[in-house]
Amino acid sequence: MVTVRDKVDLLVVGSGAAGSVFAAEASAAGKQVVLLEAGPARTPDHLVSSQLWARRHKWGGAHVEEEGDHRVGHNFNAGWGTGGSTMHHYGVWPRLHENDFQTFTQYGQGLDWPLQYAELRPYYDRIQGTVGLSGDAIQERWRPPGDAYPMPPVPVFGQGRLLAEGFSRLDMHTAPLPLAINTIPYRGRPACLYDGWCDAGCPIGALGNAQTVFLAEAMQSGAVVRNEATVTRLLTSTDGKRIEGVEYRSADGSAHRLYAEVVVLAAFTVQNARLLLASANSRHPRGLANSSGLVGRYLMTHPTVSLYGLFDAETQPALGPTGGQLINQDGYDNKLAVKDAYGSFQWIIANAVKPNGLLGIANNRPDIYGSQLKPFLQRAVKHLGVMTLVAEDIALRENRVELSSKRDVFGVPLARAVHNQGKPSAALVAHAVQQGKAVLDAAGAREQWRGPQAGMHIMGGTVMGVDPAGSVTNSYGQSHDIDNLYIAGPGLFPGSGAVNPTFTVHALALRAAEQMLRNWP
Amino acid sequence: MEPLQQRRRFLKALLLAYPLVSGALLLSPAEARQRKLPLSVLDAEEAADLETVIEALVPGSAGAGAVHFIDYQLARPSADSLLMLRYLGVAEPHVNFYRSGLMALARHSIERYGKRPAELPAPALDQLITDLITDDTQDWAGPPASFLYFVWRSDGIDVTYGTEDGMAVLDTPYMAHIRPEQVW
Ligand SMILES: Cc1cc2nc3c(=O)[nH]c(=O)nc-3n(C[C@H](O)[C@H](O)[C@H](O)COP(=O)(O)OP(=O)(O)OC[C@H]3O[C@@H](n4cnc5c(N)ncnc54)[C@H](O)[C@@H]3O)c2cc1C
Ligand code: SF4
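**A word on the overall build of chain B**
- When helices and strands are tallied, chain B shows seven helices and two strands.
- Looking at the 184 residues of chain B, the share that counts as buried comes to 52%.
- Once local pairs closer than 6 in sequence are excluded, the contacts in chain B between residues at least 24 apart make up 60%.

**Observations concerning the sheet that holds strand E14 (residues 413-418) of chain A**
Residue and element names in this part refer to chain A.
- Spatially, E3-E14-E13 is the arrangement adopted by the three strands of the open sheet, whose pairing is mixed. Taken across any chain shown, the strands that pair with only one partner, and hence form the sheet edges, are strand E3 (64-67) and strand E13 (400-407). Averaged over all adjacent pairs, the angle separating strand axes in this sheet is 30°, with direction ignored.
- Where E3 lies against E14, four bridges are found, and the strand directions are parallel. In the sheet register, Glu65 faces E14, and the bridge partner there is Arg416.
- The strands touched by helix H7 (residues 269-278) are E3, E13 and E14; relative to E13, the strand with the most contacts, the crossing angle is about 65°.

**Regarding the site of ligand 1**
All names here are of chain A.
- Around ligand 1 sit 39 residues in total, of which Ala18, Glu37, Ser85, Val92 and Thr502 are the nearest.
- The side chain of Glu37 places a nitrogen or oxygen atom 2.6 Å from an oxygen atom of ligand 1.
- Note that an oxygen atom of ligand 1 is positioned 3.2 Å from one of the backbone N or O atoms of Gly91.
- Look at ligand 1: alone it shows 990 Å² of surface, and the protein chains cover 98% of it.
- Elements with a minimum of two residues in the shell around ligand 1: helix H1 (17-28), helix H2 (74-77), strand E6 (230-236) and H7.
- Taken together, the residues of the shell around ligand 1 break down into 18 nonpolar, 18 polar and three charged.

**Some remarks on the site of ligand 2**
- Around ligand 2, the surrounding shell holds 13 residues, and the nearest of these are A:Cys192, A:Asp195, A:Cys198, A:Cys202 and B:His177.
- The environment of ligand 2 is shared, with nearby residues belonging to chains A and B.
- The residue inventory of the shell around ligand 2, partitioned by class, reads nine nonpolar, three polar and one charged.

**Digging into the interface of chain B and chain A**
- Contacts between chain B and chain A engage 54 residues on the former and 52 residues on the latter.
- The junction of chain B with chain A conceals about 4,800 Å² of combined surface from both sides, 61% of it contributed by carbon and sulfur atoms.
- If you look at where chain B meets chain A, you find two salt bridges.
- Taken together, chain B and chain A are joined by 21 residue pairs in polar contact (both at pLDDT 80 or more).
- If you list the elements that add at least two residues to the side of chain B that touches chain A, you get helix H2 (44-57), helix H5 (122-134), helix H6 (145-161) and helix H7 (164-169) of chain B.
- No other element matches H6(B), which puts seven residues into the side of chain B that touches chain A.
- Taken together, the residues of the side of chain B that touches chain A break down into 34 nonpolar, ten polar and ten charged.

**A word on the pairing of E6(A)**
- With respect to burial, E6(A) is a largely interior element, five of its seven residues being buried.
- The hairpin formed by E6(A) and strand E7 (residues 243-249) of chain A contains six residues between the paired strands, and A:Gly240 there has a positive phi angle of roughly 80°.

**Observations regarding the nonpolar core**
- Counting 98 residues, the largest nonpolar core has A:Leu10 and A:Phe22 as its most contacted members.
- If one sorts the elements of this core by residue count, helix H10 (residues 502-518) of chain A sits on top with nine residues.
- Non-local contacts of A:Leu10, meaning those with residues more than four positions away in its chain, are made with A:Phe22, A:Ala26, A:Gln32, A:Val33, A:Val34, A:Ala260, A:Val262, A:Val264, A:Met516 and A:Trp520.
- Grouped together as the second largest cluster of nonpolar side chains are 58 residues, A:Val381, B:Leu42, B:Leu148 and B:Ile178 included.

**Quick look at the confidence of the model for chain B**
Residue and element names in this part refer to chain B.
- Averaged over all residues, the pLDDT of chain B equals 85, while 84% of them reach at least 70.
- In this model residues 1-24 is a low-confidence stretch, pLDDT under 50, and it forms 69 contacts with partners more than four residues away in sequence or in other chains.
- Here the prediction assigns the complex a pTM of 0.95, and the interface score ipTM is 0.93.

**Description of the packing of H2(B) against helix H4 (residues 94-113) of chain B**
Residues and elements named next belong to chain B.
- Two elements in contact, H2 and H4, have axes separated by 10 Å at closest approach and are oriented at 80°. Taken together, the axes of H2 and H4 lie roughly perpendicular to each other. For the pair H2 and H4, contact is made by Glu46, Asp49, Leu50 and Val53 and by Arg99, Leu102, Leu105 and Ala106, respectively.

**Observations regarding the pattern of salt bridges**
- This model, assessed by the stated rule, comprises 30 salt bridges over all chains.
- Among the ionic pairs, A:Arg95 bridges to A:Asp125, the shortest N-O distance being 2.7 Å. A residue pair is termed long-range when its members are at least 10 positions apart, and A:Arg95 in the loop between H2 and helix H3 (103-107) and A:Asp125 in helix H4 (residues 117-131) qualify at 30 residues.
- Using a relative accessible area of 11% as the deciding quantity, one classes A:Asp125 as buried.
- With its nearest N and O atoms 2.7 Å apart, the salt bridge here joins B:Asp49 to B:Arg116. Here the residue B:Asp49 occupies a position in helix H2, and B:Arg116 occupies one in the loop between H4 and H5, the gap between them amounting to 67 residues.
- Judged by its relative accessible area of 1%, B:Asp49 falls in the buried class.
- Each of A:Glu65, A:Glu67, A:Arg400, A:Glu402, A:Lys406 and A:Arg416 takes part in one network of salt bridges that share partners.

Parameters and conventions
- Residues numbered from 1 in each chain as written.
- Chains lettered and ligands numbered in written order.
- Predicted model: local features only at pLDDT ≥ 70, side-chain atom pairs only at ≥ 80, totals over all residues.
- Heavy atoms only, no water.
- Helix = DSSP H or I, 4+ residues; strand = E, 2+ residues; numbered from the N terminus.
- Buried < 20%, exposed > 50% of the residue type's maximum accessible area, 1.4 Å probe, protein only.
- Contact = heavy atoms within 4.5 Å.
- Pairing = 2+ DSSP bridges.
- Axes fitted to C-alpha atoms, helices over the stretch in contact; angles between N-to-C directions.
- Near = heavy atom within 4 Å.
- Polar contact = N/O pair within 3.5 Å; in protein donor to acceptor, adjacent residues only side chain to side chain.
- Areas by Shrake-Rupley, 256 points an atom, 1.4 Å probe, with all protein chains shown as cover.
- Nonpolar A, V, L, I, M, F, W, Y, C, P; charged D, E, K, R; others polar.
- Buried area = accessible area lost by both parts, 1.4 Å probe.
- Salt bridge = Lys/Arg side-chain N within 4 Å of Asp/Glu carboxyl O.
- Core = buried A, V, L, I, M, F, W, Y, C linked by side-chain atoms within 4.5 Å.
- pLDDT = per-residue confidence, 0-100.
- Parallel < 35°, antiparallel > 145°, perpendicular 65-115°, else oblique.

Here it is as structure tokens:
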């Protein structure tokens, strides 16, 4: 039991996507692992099917201040509790493309990654085998090299069929959406029921998240999750060369210290940067791992816009996974295709929707109220089609996480996330939205409208790179400054690509965990 | 942790329920309203104005207990809140958002229409809603009016259509894995 020792082998801050992979690998290798998780304990029984109850899975820690014309939407995009954001994530798991990795060299935009797709590919393939992905690699004509999916794709319901016809009439293509969702029983987990409750968490375990896969493995090998344990500071040795452990607060507010051979910071993008900055000491006056001055910098979020159409035919919008049924990445590989614009984009097609919630049917037409509302909802629950744009963001130094002058209940400065959209990225979104409208027209939508632009996923802030002066970590997420400190999660991404990040988060974490174990101090 | 093997489960069914004294009395927000149970955060005038406006935005939401729902959420620790506001980037405590919004609304209503929202005749109430939507609000000292409109409308929708009963009214299947059985 950890309580009799105040030092463990591996201490992981955060029990989400990235932390759970480190924990599983290290505990399987015989290391004593503790995960400190700020949020509450969550088991499948807590995953009540309700868009109201789903809100308990959203970030419940210290307030994050936001600024800028394109905010990252922290509290919508961040989860908390066992499993982190993955607990109620939608399992849309495409791979980055080969041209996402060298954007500065190839296009003069953003930053280069310190590794290429080919180096990451084996880790994508292994994660895919462990988690189980459904999809159709052949129909994904744009997909970079990789193993075929171990499961057949999700079925296509009414709205998916109609929207696919729209793409097809414009000589565009759709393929089944690659999903970390079982379509057949896989490794002891059941198949999906296509009831659209992913946002509230999938209690049957059909969706591959931290709890159903890597955290479960870690705990079987003896890893321990301490919930309601909020890390407030990372502690270094007096010479500043090693990380020794962390300070954390438990639910009753009492302060504790836990020491470890290696610390993995996996508290998601904004909190990772915040903790590093807030842990400044005399040896690291600008914050830990921050000799480059880049901790917090290059914050990114995917610009996203949802388009909606009403069709004459029934569309079954209640059915299917929340994440969607189909994908289009036709133009992904030409980041310079649109004048004055830069970047790739994808369409995620036919999301299952509920009447309420921020992404729900009613809130996608906020102009309708009063006596018009019910007739609209009655029609839309049967005839709505949805497709969602995910566009590339450009890593800009001025977009950042910094410390606020305000503090949380434990005295730690709050994070302020500042994010503005670059012009080429805005031009890309404008182009893509026009394309999407044409698709809805071609699909036969009687009426169509668009939602506002928002930020989806949060990346950057602790970017990886080759040059210690131009990045925070090496390609394994290991701090350039402190060898036994690893940083994990999408905060490492030097570029956003235009795909959902969590498959890549897993692949990077697996690669990093293996390097960590090979070089165990 | 063993992966859950069971398929969809239907629990015996407390529907959405509302706790009063230490969970001793479980009621839906609608029942709480019918019984005129006291609110713990909002005062009578605030509650009346809020109910009037939300009902105008989402007909049926007053009877569904929107105000009791909001009041209960505002009274609990924000990490447990089921209000949509928790992920819209508004600093806590969220009661400040609702209270300052209601205060601004009442002041605007009195200045422009001579009465509080709860006392307005239908045409003036319609106009008040239009003011909110269009941010046609001079000397407004609260959260942006159109944002309040969005949040209150959404609260009304939550209570009216985000439940099993609400989805049944819309004739769309609920298909719960685990039905909401705990108190709000
Ligand atoms: C609604 C939703 C849907 C999504 N859908 C998709 C999708 O379909 N596809 C996709 O690729 N991605 C999706 N994502 C994004 C995905 O969930 C994240 O990219 C991923 O979980 C990030 O992994 P992480 O390990 O860095 O952080 P998380 O999984 O968020 O885990 C971080 C954990 O750290 C904890 N923590 C934070 N601060 C502290 C502290 N000080 N002390 C202790 N613990 C702390 C948090 O409570 C949290 O549990 C979705 C996210 C959301 C919210
Ligand atoms: S749609 Fe499938 S993955 Fe999503 S909650 Fe339902 S069963 Fe789980």
